[in-house]
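Structural characterization, general
One letter stands for each residue in the lines below.
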Amino acid sequence: MKINSIKGMHDLIFGQTKNWTQIESLLHNFFDIHGYNEIRTPIVEKAELFNRVIGDETDIVNKEMYSWQDQGGDILALRPELTAPAVRSYIEHNMDKLNKVAKLYYIGPAFRRERPQKGRQRQFYQYGIEAIGSEHPEQDAEVISMAYNIFDMLGIEDLELVINSVGSQKTKEKYSTILKEYLSDYIGDLSDTSKQRYANNPLRILDSKNKQEQNIINNAPSILESLNDLEKKHFDQVQRFLDKLNIPYNIDNQLVRGLDYYTLTTFEIRTQSIGSQDALCGGGRYNNLVQQLGGHSVPAIGFAAGMERLIMALNLDRQVEDLKINVFVISAGDDAITNALKICDTLRNQLGIKVMMDFSRGSFKSQMRQANKLNAEYVIILGEEEIKRKVGVIKTMSSGEQFEAPLDTIHKHFDVEHSKDDQ
Ligand code: HAM
């Protein structure tokens, strides 16, 4: 019986991967010129890492995390995000000793058992950065502007950057009480999920997409009014720096985000062009996380973005890159095959051009069809007759022109052609 891939987890095949690797190499370069170093952490971690960091009451941990007990009795999980692993790694490798601020970036898969839909998978790729070590607003500005500039540089339109500040843990707690007091008049109108959140995690009610609830939430006291003077100053300075960097933004005092670790600045970048799952990226400060995981008290901020959503915003999700090769070698008979292998080798090694040959031992006609499918610029034809005379036929596919060349120097014709192209 046929076995298909798991729902919400997709193969990237053929030309698709080419688009991905191109974007990835652009990202590697972008992060590198900003002084960020790549880290690759394991896909599997102890589940406790995420329970502790993201929060037991969040959807990500509560409902969506793939976790299981392994043969040794440990409870393990497929990472639902990469911030917690990055911080775990930062502490484990004493990265605070290397630099005042550790600047890390990652590109890799994450897993959440969400209901799959357009822009939402169960395995998706995230790229992102974590700047661990600075509490200052200029660090917020760097991280937010980097997140924004990637999309802007790639020409994505309709970008909306939304920012907010949720204050320190203490402020969050103070505001939770204020919010609960306000919501207590509307408990009967809240959905079951929000009723549950009212008891466990009231801030998350602000995230509700429920229309009826939104009217209630819109009139709730703003979290920004609960910030103390230092927190207000931090948020004002972040805005001032973003203004200076010409990064446009809107303030949304309901942006609390779906992970519990945030303190002070939170932000999201959205675009209308990708449908209802419109968040291209999200991030914020998490000043307590390093300590919470057993490290020193070190402030940090970062963001992560979904690769699939970026690819979709660039309209590359349906576009499969055309195959194109320089030379296809057609051969018939053992001697011809031997020569074909040798010619392919020489052309690749000496000229670095893209060369393929037939491996199906098909007829000339079917080999020519392959060459056409692969958009070959040239074919080299090695028939039994040609091999006897120690020649091969070079055919230019666009014009149909063809001529014979001695086998031992046949590669030189391509050298001339390609050095002509370079001029
Ligand atoms: P997040 O908002 O959960 O934040 O995810 C970041 C981005 O990952 C989203 O904006 C979206 O583009 C993409 N994403 C999330 N879930 C899915 C999904 N099921 N399918 C496709 N794409 C998805 C975080 O993960 C935090 N770790 C961000 C962060 C880094 N905060 C501080 N540092």
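Residues numbered from 1 in each chain as written. Predicted model: local features only at pLDDT ≥ 70, side-chain atom pairs only at ≥ 80, totals over all residues. Heavy atoms only, no water.

1. What to know about the environment of R285
Mapped onto the elements, R285 comes out in strand β10 (residues 279-285). Separated by 119 residues in the primary sequence, R285 and V166 place their C-alpha atoms 9.5 Å from one another. Among the polar contacts listed, one links the side chain of R285 to the backbone oxygen of H136, at a separation of 3.3 Å. Within the local environment of R285, its side chain forms a polar contact with the backbone oxygen of A300, the two atoms lying 3.5 Å apart. (Helix = DSSP H or I, 4+ residues; strand = E, 2+ residues; numbered from the N terminus. Polar contact = N/O pair within 3.5 Å; in protein donor to acceptor, adjacent residues only side chain to side chain.)

2. Description of the site of the ligand
Around the ligand, a shell composed of 27 residues is seen, among which E81, T83, E114, Q121 and Y262 lie nearest. In this structure, E81 approaches the ligand through a side-chain N or O atom, which is 2.6 Å from a nitrogen atom. Interatomic distance of 3.1 Å between a backbone N/O atom of G306 and an oxygen atom of the ligand. If you list the elements that add at least two residues to the shell around the ligand, you get β6 (123-132), β10 and β11 (300-306). (Near = heavy atom within 4 Å.)

3. Focus on unusual backbone geometry
Notably, R257 is not glycine yet its phi reads approximately 70 degrees, a positive angle. Take R257: it is sitting in the loop between β8 (250-251) and β9 (265-271). We classify R257 as buried; its relative accessible area is 12%. Its identity is not glycine, yet L264 carries a phi of approximately 55 degrees, on the positive side. In this structure, L264 sits in the loop between β8 and β9. (Buried < 20%, exposed > 50% of the residue type's maximum accessible area, 1.4 Å probe, protein only.)

4. Regarding the pairing of strand β12 (residues 327-331)
With five of five residues buried, β12 is to be regarded as a mostly interior element. Going residue by residue along β12, you find V327, V329 and S331 tucked away on one face and F328 and I330 tucked away on the opposite face as well. In this structure, β12 lies alongside strand β14 (residues 378-382), joined through five bridges in parallel fashion. Along β14, the bridge assignment pairs F328 with V379. (Pairing = 2+ DSSP bridges.)

5. Some thoughts on the packing of aromatic side chains
This structure, assessed with the given rule, holds nine aromatic pairs. Centroid distance F31 to Y127: 6.3 Å. Interplanar angle 45 degrees. Geometry classified as tilted. A residue pair is termed long-range when its members are at least 10 positions apart, and F31 in helix α1 (residues 15-33) and Y127 in strand β6 qualify at 96 residues. For F31, a relative accessible area of 0% translates into the label buried. Taking relative accessible area as the criterion, Y127 reaches 0% and is therefore assigned buried. Each member of the aromatic cluster is reached from another via a ring pair, and the members are F30, F31, Y105, Y127 and F303. K180 extends its terminal NZ or CZ atom over the ring of Y198, reaching a point 5.2 Å from the ring centre. If you follow R240 out to its NZ or CZ, it ends over the ring of F241, 5.6 Å from the centre. (Phe/Tyr/Trp six-rings, centres within 6.5 Å; stacked < 30°, edge-to-face > 60°. Lys NZ or Arg CZ within 6 Å of the ring centre and 35° of its normal.)

6. Section: the packing of helix α2 (residues 47-54) against helix α4 (residues 83-92)
Orientation of α2 relative to α4, taken along the N-to-C sense of each, is 105 degrees, at an axis distance of 10 Å. Between α2 and α4, the crossing angle belongs to the class labelled roughly perpendicular. Residues L49, F50 and V53 of α2 form the contact with α4, whose own contacting residues are A84, P85 and R88. Looking at side-chain class alone, the contact of α2 with α4 contains five nonpolar, no polar and one charged residues. (Axes fitted to C-alpha atoms, helices over the stretch in contact; angles between N-to-C directions. Parallel < 35°, antiparallel > 145°, perpendicular 65-115°, else oblique. Contact = heavy atoms within 4.5 Å. Nonpolar A, V, L, I, M, F, W, Y, C, P; charged D, E, K, R; others polar.)

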